[in-house]
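# Topology and contacts: notes
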Amino acid sequence: MATTAVAVLFGGRSSEHSISSATAAGVLRAIDRDRYRVIPIGITREGAFVLEDDDPDKFALNPERMPEVADNGTRVLWPEPGGRRELRVRRADGAVDTLGEIDVVLPILHGPHGEDGTIQGFFDTLQLPYAGGGVFDSALCMDKHFMKVVLQAAGIPVAPWITVDLARWRRDPEGVRADAAALGVPSFVKPARAGSSVGVSKVHAADELDAALELAFAEDRKVLIEPAIVGREVEVAVLEGRGDAPARASLPGEIVLTTREFYDFEGKYLGGDGAEVVCPADVTADEIDALQRMAVAAFDAVDGRGLARVDFFQTPDGLVVNELNTMPGFTPISMFPKCWIASGLSYGELISELVEVALAREAAVTG
């Protein structure tokens, strides 16, 4: 009989709400029910915590119907800090039921209000253990500008970039255009604090820059412009070690583009043609070693916790880190689980590992 209670938390207020919900479908289907008692908790787009159905099919992703956490009238009542970790729910009719004590939260949230350290700070305040990144690494890696600053300071190569905030773009568009021109084309324009390629554009000529900036500014008031790097897009999945053990890196995977300009939202999640996830990547043993070493070094540089996917460009001049994702795409077709499956860890085992690492970290703190 399952004895460990896991609250699977998904949805959220960001533009990646549906992707988080789709991830929940995979997790609810694959989590080891012999080991874990699952409590599915959705966050609506308005930010309400609701008790959701334990039904993977409800949240399956398809192009015709994007999954959604609807407000069903329930409200999850989190435990007070310092006391029993008893989770309760207020039903739509006002009745309050006890859901039992909770052992750990598995937040599978993407984007602002979930992947940026805010929900992590919430659970730290409640003194509830949770899987995945902590406050600092989540906040740092959510902001692509400061992530690059930290990686660069640690001696890890990153792509050149300029950062533009909305105020400057409104005040000095000609100056922004001049700075962007110095980077050359093609270039990429992306929100500083968004994921799943939402708001990202590839700019082929100077007259495309304004529209790309407006698209990115619709997601965030801070935007990065980067030159397009010529090289293979290779990614490595990283897991935190237990106790004093170092972080572990998976075999690398590769995004192979054929007809698609870049690995956009449709290619990642809706099965769009022109992009293929290949795991393991066709690289040499020496290249695997270099990728894994740099992935762990990048994870350590940002004080990584739980997990991360480290994205590289493999260029003729060496490796360049594009970014780290502290809650990467985690659907069964996503790169992070595929890399671990290729490395010998099944999807279900990967979920268990995230939970057990969180529980081991809590046990080490409490003694």
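Residues numbered from 1 in each chain as written. Predicted model: local features only at pLDDT ≥ 70, side-chain atom pairs only at ≥ 80, totals over all residues. Heavy atoms only, no water.

Quick reminder of the rule: UniProt positions are given in the numbering used here, feature names are shortened, and annotations may be inferred rather than shown by experiment.
The chain appears in an unreviewed UniProt entry as D-alanine--D-alanine ligase from Microbacterium imperiale. Check the Sequence similarities (unreviewed entry) section of the UniProt entry for the chain; it says "Belongs to the D-alanine--D-alanine ligase family." Regarding the chain, the relevant UniProt record gives this comment under Catalytic activity (unreviewed entry): "2 D-alanine + ATP = D-alanyl-D-alanine + ADP + phosphate + H(+)".

## What about the side chain of E323?
This is how it is decided: Strands here are runs of E lasting at least two residues and helices are runs of H or I lasting at least four, both read from the DSSP assignment and numbered beginning at the N terminus. Under this definition, polar contacts are N or O atom pairs within 3.5 Å; protein pairs additionally need one hydrogen-donor-capable and one acceptor-capable atom, and for neighbouring residues in sequence, both atoms have to be side-chain atoms. Residues are treated as being in contact if the distance between any of their heavy atoms lies within 4.5 Å.
Examined against the element boundaries, E323 turns out to sit in strand β17 (residues 318–325). Of the polar contacts made by the side chain of E323, one reaches the side chain of N325; its length is 3.3 Å. Excluding residues within four positions of it along the chain, E323 makes contact with K144, M147, K190, R309, V310 and D311.

## Some details on the UniProt feature "active site" (unreviewed entry) in the chain
Put simply, the test is: Any residue under 20% of the maximum accessible area for its type is buried, any over 50% is exposed, and the rest in between are partly exposed; the area is computed with a 1.4 Å probe on protein chains only.
Following the UniProt record, one finds the feature "active site" (unreviewed entry) at E16, S196 and S334. Looking at the secondary structure, you find E16 in the loop between β1 (4–11) and α1 (17–30). Looking at the element boundaries, S334 is found in the loop between β17 and α10 (335–342). Judged by relative accessible area, S334 falls into the buried class, the value being 6%. A polar side-chain atom of S334 sits 3.5 Å from the main-chain amide nitrogen of F330.

## Quick word on empty space enclosed by the protein
Heads up, the rule is: Points on a 1 Å grid over protein atoms alone make up a cavity when a 1.4 Å probe fits among them but cannot get out, and a pocket when they form an open set with protein on both sides within 12 Å along at least five of seven lines; lining residues each have an atom within 4 Å of a point. Grid points are joined across faces, edges and corners, and a volume is the space filled by probe spheres set on the points. Three residue categories are used. Nonpolar comprises Ala, Val, Leu, Ile, Met, Phe, Trp, Tyr, Cys and Pro, charged comprises Asp, Glu, Lys and Arg, and polar comprises the others, including Gly.
This structure, assessed with the given rule, holds two cavities of 30 Å³ or more. In this structure, the largest cavity occupies an estimated 70 Å³ of space. Together, ten residues line the largest cavity, and E115, C141, M142, A194 and N325 are the ones closest to its centre. Among the secondary structure elements, those contributing two or more residues to the lining of the largest cavity are α3 (135–142) and β17. Ranked by the residues each element gives to the lining of the largest cavity, the list is headed by β17, at three residues. In terms of residue class, the lining of the largest cavity is built from four nonpolar, three polar and three charged. Considering the residues around the second largest cavity, the lining is formed by P107, L109, G114, Q120, A131, G132, G133, S138, T326 and M327.

## A short note on the packing of aromatic side chains
Stated formally: By convention, a stacked pair of Phe, Tyr or Trp rings (six-membered ring in the case of Trp) has centres within 6.5 Å and planes under 30 degrees apart, an edge-to-face pair has planes over 60 apart, and any other such pair is tilted.
Taken as a whole, this structure holds nine aromatic pairs when the rule is applied. Between the aromatic rings of F49 and W78, the centroid separation amounts to 5.6 Å while the plane-to-plane angle is 85°, which identifies the pairing as edge-to-face. Highlighted residues: F49 in strand β3 (residues 49–51) and W78 in the loop between β4 (75–77) and β5 (86–90), separated in sequence by 29 residues. One exposure class covers both F49 and W78, and it is buried. Ring centres 5.1 Å apart and planes at 70° place the aromatic pair W78 and F123 in the edge-to-face group. Residue W78 is found in the loop between β4 and β5, and its partner F123 is found in helix α2 (residues 118–126); the two are separated by 45 residues along the sequence. Grouped by ring-pair contacts, the aromatic residues F49, W78, F122, F123 and Y130 constitute a single cluster.

## A closer look at helix α6 (residues 173–183)
Heads up, the condition is: As used here, the arc is the angular range of directions from the helix axis to the C-beta atoms.
Within α6 the residues assigned to the buried category are G175, V176 and A180. Projected onto a plane normal to the axis of α6, the buried residues spread over an arc of 135° and lie on a single side. Every exposed residue of α6 that faces more than 90 degrees away from the buried side is listed here: E174, A181 and A182. Its buried side turned inward, α6 meets β8 (162–165), α5 (166–171), α7 (209–217) and β11 (222–227). At the exit of α6 stands G184, carrying a positive phi of roughly 85°.

## A look at the state of the cysteines
Under the convention used in this document: To count as a disulfide, a pair of cysteine sulfur atoms needs to be within 2.5 Å.
Under the criterion given, the structure shown has zero disulfides. Left without a disulfide partner, C141 is nearest to the cysteine sulfur of C339, which lies 17 Å away. According to the relative accessible area criterion, C141 is buried, its value standing at 7%. Unpaired in terms of disulfides, C279 finds its nearest cysteine sulfur in C339, a separation of 3.9 Å. When its relative accessible area of 25% is taken as the criterion, C279 is described as partly exposed.

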